[in-house]
Amino acid sequence: MKILITGGAGFIGSNFIYYLLKTHPSDEIICVDALTYAGNLHTLQPLLDKKSICFYKANITDREAIDRIVKNERPHIIVNVAAESHVDRSIENPGIFLETNVLGTQVLLDAARKYDVERYHQVSTDEVYGDLPLEKLALAFTENAPLRPSSPYAASKASADLLCLAYSRTYQMPITISRCSNNYGPYQFPEKLIPRMIINALHNKKLPVYGAGSNVRDWLYVEDHCAAIDLVMRKGTIGEIYNVGGHNEKTNLEVVSTILKALNKDESLIEFVADRPGHDLRYVIDSTKLETELGWTPKFSFAERIQYTIQWYVEYEEWWRNMLNGSDAV
Ligand SMILES: NC(=O)c1ccc[n+]([C@@H]2O[C@H](COP(=O)([O-])OP(=O)(O)OC[C@H]3O[C@@H](n4cnc5c(N)ncnc54)[C@H](O)[C@@H]3O)[C@@H](O)[C@H]2O)c1
């Protein structure tokens, strides 16, 4: 299979490329990435001299460039992982989120349609559903839950999902969508909660926690997400959406405390800061459909993988220093 992956120099995209080369060594990978602040080609460096992978620096909103790449490469599958992905940045500057996440998706869909790509898979997020109340613990989002995005980021992802569903129906295109909960693991840009807190704790800097730290997220180790994307893009039913969740609900405060304990740091480093506007209270995702139809289950436990992830950031200091160069993220 020849698979074109956008956003392959980012957190999930790079983990997905490593996963595919490990599990399907005969696949050919075309990685397309604009190398924004969140993309880092160093992450893929050990792979770039392999014959089975090639890299194009291109923006998914650049219709001519995307058309040319798809025309020349003729991938069997396109997986759209590229996105502007940070909620706080979307509150500051929503425009770029609409350009990349919505218009970029349209450019990719048009190219997939024009060159009869066998499968287009859209990597989406549970944030399209909005949030659940903290106290109603039995509630979880199924694929039929209404779309109620809270942030410009989530609204742009929901819009892209709707575009994918409309293209699938109108043009009879072979499209699938997966909506995943919060991921953690290696190669995540240090503006996101887990790497940011690890790096601050290593520097004995304050760990800013929104509100009272009681917001709940459902954490999934990134390789479990990669396995889900792989299954859905190869075996998922056309026109369908699959939720991907870790059954791992933790408050932000629990996550931060776990990091401090693992690094032997004091809880006094925690600093409660004014809440994010529109901050979602609780996300919990029901992935029964993916489990029963395609046989996916998460393999990794949070207790073990969070320790592995913390150690990874301790060991790969050069990687995150390089990412932070010139950034005000931490
Ligand atoms: N991180 C999570 O917890 C999570 C959870 C569920 C879903 N997702 C979804 O997974 C996808 C990837 O998330 P991530 O955390 O890896 O993001 P990321 O910010 O780490 O990486 C995004 C990548 O896309 C590239 N990119 C950005 N704009 C581009 C453009 N216009 N053209 C080409 N490349 C561009 C960046 O250079 C970067 O390499 C996103 O669609 C996100 O919505 C993420």
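Residues numbered from 1 in each chain as written. Predicted model: local features only at pLDDT ≥ 70, side-chain atom pairs only at ≥ 80, totals over all residues. Heavy atoms only, no water.

Caption draft 1: Looking closely at the site of the ligand. Near the ligand you find 29 residues, and of these Ile 12, Asp 33, Ser 85, Tyr 153 and Lys 157 are the closest. Between an oxygen atom of the ligand and a side-chain N or O atom of Ser 85, the distance comes to 2.7 Å. Here Thr 100 contributes a side-chain N or O atom positioned 3.0 Å from a nitrogen atom of the ligand. Against a free-state accessible area of 830 Å², the protein chains account for coverage of 96% of the ligand. Of all the elements in the fold, those that place two or more residues in the shell around the ligand are α1 (11-23), β5 (119-125), α5 (152-170) and β7 (182-184). A per-element tally of the shell around the ligand places β5 first, with three residues. Here the residues of the shell around the ligand are counted per class, giving 14 nonpolar, 13 polar and two charged. (Near = heavy atom within 4 Å. Polar contact = N/O pair within 3.5 Å; in protein donor to acceptor, adjacent residues only side chain to side chain. Areas by Shrake-Rupley, 256 points an atom, 1.4 Å probe, with all protein chains shown as cover. Helix = DSSP H or I, 4+ residues; strand = E, 2+ residues; numbered from the N terminus. Nonpolar A, V, L, I, M, F, W, Y, C, P; charged D, E, K, R; others polar.)

Caption draft 2: Representation of the packing of helix α10 (residues 302-315) against helix α11 (residues 317-324). At a minimum axis distance of 5 Å, the contact between α10 and α11 shows a crossing angle of 75°. By the angle between their directions, the pair α10 and α11 is classed as roughly perpendicular. Contacts between α10 and α11 involve Trp 312, Tyr 313, Val 314 and Glu 315 from the former and Glu 317, Trp 319 and Trp 320 from the latter. A class-by-class count of the residues in the contact of α10 with α11 yields five nonpolar, no polar and two charged. (Axes fitted to C-alpha atoms, helices over the stretch in contact; angles between N-to-C directions. Parallel < 35°, antiparallel > 145°, perpendicular 65-115°, else oblique. Contact = heavy atoms within 4.5 Å.)

Caption draft 3: Seen up close, the environment of Ile 69. Inspection of the secondary structure assignment puts Ile 69 in helix α2 (residues 63-73). Distance from Ile 69 to Lys 22, taken between C-alpha atoms, is 25 Å for residues 47 residues apart in sequence. Once residues within four sequence positions are removed from consideration, Ile 69 is found in contact with Leu 4, Ile 30, Val 32, Tyr 56, Ala 58 and Arg 74.

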